Amino acid sequence: MADLDGVKDSKEFHTGVPQQAADFFLKGSSHYDWGLKNRLSRIFDPQSGNTVMLAFDHGYFQGPTTGLERIDLSIVPLIPWADTLMLTRGVLRSLIPPASRPSIVLRASGGPSILKELSNEEIALDIEDAVRLNAAALAVQVFVGGEHETKSIHNLTRLVDQGLRYGIATLAVTAVGKDMVRDAKYFRLATRICAELGAQYVKTYYVEEGFETVTSCCPVPIVIAGGKKLPELDALTMAYNAIQRGANGGDMGRNIFQSDAPIAMLQAVRAIVHGGETAARAFEMYNTLKNEA
Ligand code: 5RP
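Residues numbered from 1 in each chain as written. Predicted model: local features only at pLDDT ≥ 70, side-chain atom pairs only at ≥ 80, totals over all residues. Heavy atoms only, no water.

Caption draft 1: Quick look at the nonpolar core. Of all hydrophobic cores here, the largest spans 71 residues; its most connected members are Phe-56, Leu-85, Leu-87, Leu-106 and Leu-138. Broken down by element, this core gets its largest block of residues, 7 residues, from helix α11 (residues 262–273). With residues up to four places along the chain from it excluded, the contact list for Leu-85 reads Leu-54, Phe-56, Ile-79, Ile-96, Pro-102, Ser-103, Ile-104 and Val-105. Counting residues in each nonpolar core, the second largest holds 18 residues, with Phe-24, Leu-36, Val-105 and Ala-137 among its members. (Core = buried A, V, L, I, M, F, W, Y, C linked by side-chain atoms within 4.5 Å. Buried < 20%, exposed > 50% of the residue type's maximum accessible area, 1.4 Å probe, protein only. Helix = DSSP H or I, 4+ residues; strand = E, 2+ residues; numbered from the N terminus. Contact = heavy atoms within 4.5 Å.)

Next up, the structure:
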């Protein structure tokens, strides 16, 4: 029976308390719709504002890269320590347990293999499939200065349009051609173009000189790529420096799954990205966890 007392005029209406509009924690993202903000909050931790993404989509153009020959054995055990998994829909469907907690960033561009001109990519995913797979974001390669620059930028803008229709974010990945200089000037240009054209966040490489100028003039969050495998202390130092200079996290692959102790490495990166630890303390943590395993 309905609780008739409940409709009595005795509620706390708090007429003297103005309703607060909750601000959104993420750089440049305050004016998005609810669904997009919610998805971004599953990538970026609202507490720290940062993310630890685990990238293992390399197979989409490289085939079975070292460390990714058996994703069921090398990557699935790492899932609980990642905020977000960045992968292809093929691997998601075939190997990743659907009960996994991390949010999903799907590789949405592709076409050429390492045997061809890499910038010649197309969109390689229908937005409906991204919705079906509960993707939080779609990742697209952008080749500023590359042979197929315009086409890759068009891929980005089409994905942004499709993503906005459903509240799914677009991650622009700045891909640097072999003959290009990887410096702050180039990354300022590439990341800013991606943000101006609508990417909700941008992945780029860390550079020692002037990285803070890249993050400061990009109006949306930047996450760093790990790049080639480095000694663990060097990779942790890069992560620490990137966070100190304005990055909102990392999307690391080889420096995690090619490490001697990938779970320990992922935990050490988390300590830097979410816990504000120094590289030296995170490296100590890595060694302790590695020896315990
Ligand atoms: C391909 C990608 C990869 O997912 C990512 O950059 C690889 O990560 P890492 O460089 O850390 O191995 O975006 O271009």
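Caption draft 2: How the structure looks around the pairing of strand β10 (residues 249–252). On β10, burial covers both faces: Gly-249 and Asp-251 on one face and Gly-250 and Met-252 on the other are all buried. Pairing of strand β1 (residues 51–55) with β10, which is carried by 4 bridges, proceeds in the parallel orientation. Across the sheet, residue Val-52 finds its bridge partner in β10, namely Gly-250. By the bridge criterion, 2 bridges tie strand β9 (residues 222–225) to β10 in an arrangement that is parallel. Within β10, the position partnered with Ile-224 by the bridge is Gly-250. Traced from β9 through helix α9 (residues 232–244) to β10, the parallel crossover comes out right-handed. (Pairing = 2+ DSSP bridges. Right-handed = clockwise from strand over helix to strand, strands pointing away.)

Caption draft 3: Summary view of the packing of α9 against helix α12 (residues 279–292). Running from N to C, α9 and α12 point in directions that differ by 140 degrees, and their axes come no closer than 9 Å. Comparing the axis directions of α9 and α12 gives the class oblique. Note that α9 runs across α12; the crossing there is right-handed. For the pair α9 and α12, the contacting residues are Glu-232, Leu-233, Leu-236, Thr-237 and Tyr-240 in the first and Ala-279, Ala-282, Phe-283 and Tyr-286 in the second. Looking at side-chain class alone, the contact of α9 with α12 contains 7 nonpolar, 1 polar and 1 charged residues. (Axes fitted to C-alpha atoms, helices over the stretch in contact; angles between N-to-C directions. Parallel < 35°, antiparallel > 145°, perpendicular 65-115°, else oblique. Left-handed = near helix turned anticlockwise from the far one by under 90°. Nonpolar A, V, L, I, M, F, W, Y, C, P; charged D, E, K, R; others polar.)

Caption draft 4: Structural view of the site of the ligand. In the neighbourhood of the ligand, 14 residues make up the surrounding shell, with Asp-57, His-58, Gln-141, Gly-253 and Arg-254 lying closest. Contacts to the ligand include Lys-203, whose side-chain N or O atom sits 2.9 Å from an oxygen atom. In this structure, an oxygen atom belonging to the ligand sits 2.8 Å away from a main-chain N or O atom of Gly-253. (Near = heavy atom within 4 Å. Polar contact = N/O pair within 3.5 Å; in protein donor to acceptor, adjacent residues only side chain to side chain.)

Caption draft 5: Up close: the pairing of β9. Sheet analysis places strand β8 (residues 201–204) next to β9, joined by 3 bridges and oriented parallel. Within the sheet, the bridge partner assigned to Thr-204 lies in β9 and is Ile-224.

Caption draft 6: Geometry of a nonpolar patch on the surface. On the surface, a nonpolar cluster with roughly 310 Å² of combined accessible area is contributed by Ile-114, Leu-115 and Leu-118. Inspection of the secondary structure assignment puts Ile-114 in the loop between β4 (109–110) and β5 (122–123). (Patch = residues over 30% accessible without salt bridge, like charges linked within 9 Å, V, L, I, M, F, W, Y side chains within 5 Å. Areas by Shrake-Rupley, 256 points an atom, 1.4 Å probe, with all protein chains shown as cover. Salt bridge = Lys/Arg side-chain N within 4 Å of Asp/Glu carboxyl O.)

Caption draft 7: Expanded view of the sheet that holds β1. Judged by pairing direction, the barrel is parallel, and its 8 strands sit side by side in the order β1-β2-β3-β6-β7-β8-β9-β10 before closing back on the first. Across the sheet, the mean angle separating the axes of adjacent strands is 25 degrees when strand polarity is ignored. Against the sheet, helix α1 (residues 34–43) engages β1, β2 (84–87), β3 (103–107), β6 (137–142), β7 (169–174) and β8, with an angle of about 100 degrees to β3. Running over the sheet, α9 touches β9 and β10 and is turned about 165 degrees from β9.

Caption draft 8: Layout of the pattern of salt bridges. By the definition in use, this model includes 14 salt bridges. Between Arg-107 and Asp-57 there is a salt bridge, and its shortest N-O distance comes to 2.9 Å. Linking Arg-107 in strand β3 with Asp-57 in the loop between β1 and α2 (59–62), this pair joins segments that are 50 residues apart in sequence. Look at Arg-107 and you get buried, because its relative accessible area is 6%. Take Asp-57: its relative accessible area is 6%, and that puts it in the buried class. Here Asp-83 makes a salt bridge to Arg-270, at a shortest N to O gap of 3.0 Å. Of this pair, Asp-83 sits in the loop between α3 (71–74) and β2 while Arg-270 is found in helix α11, placing the two residues 187 residues apart along the sequence.

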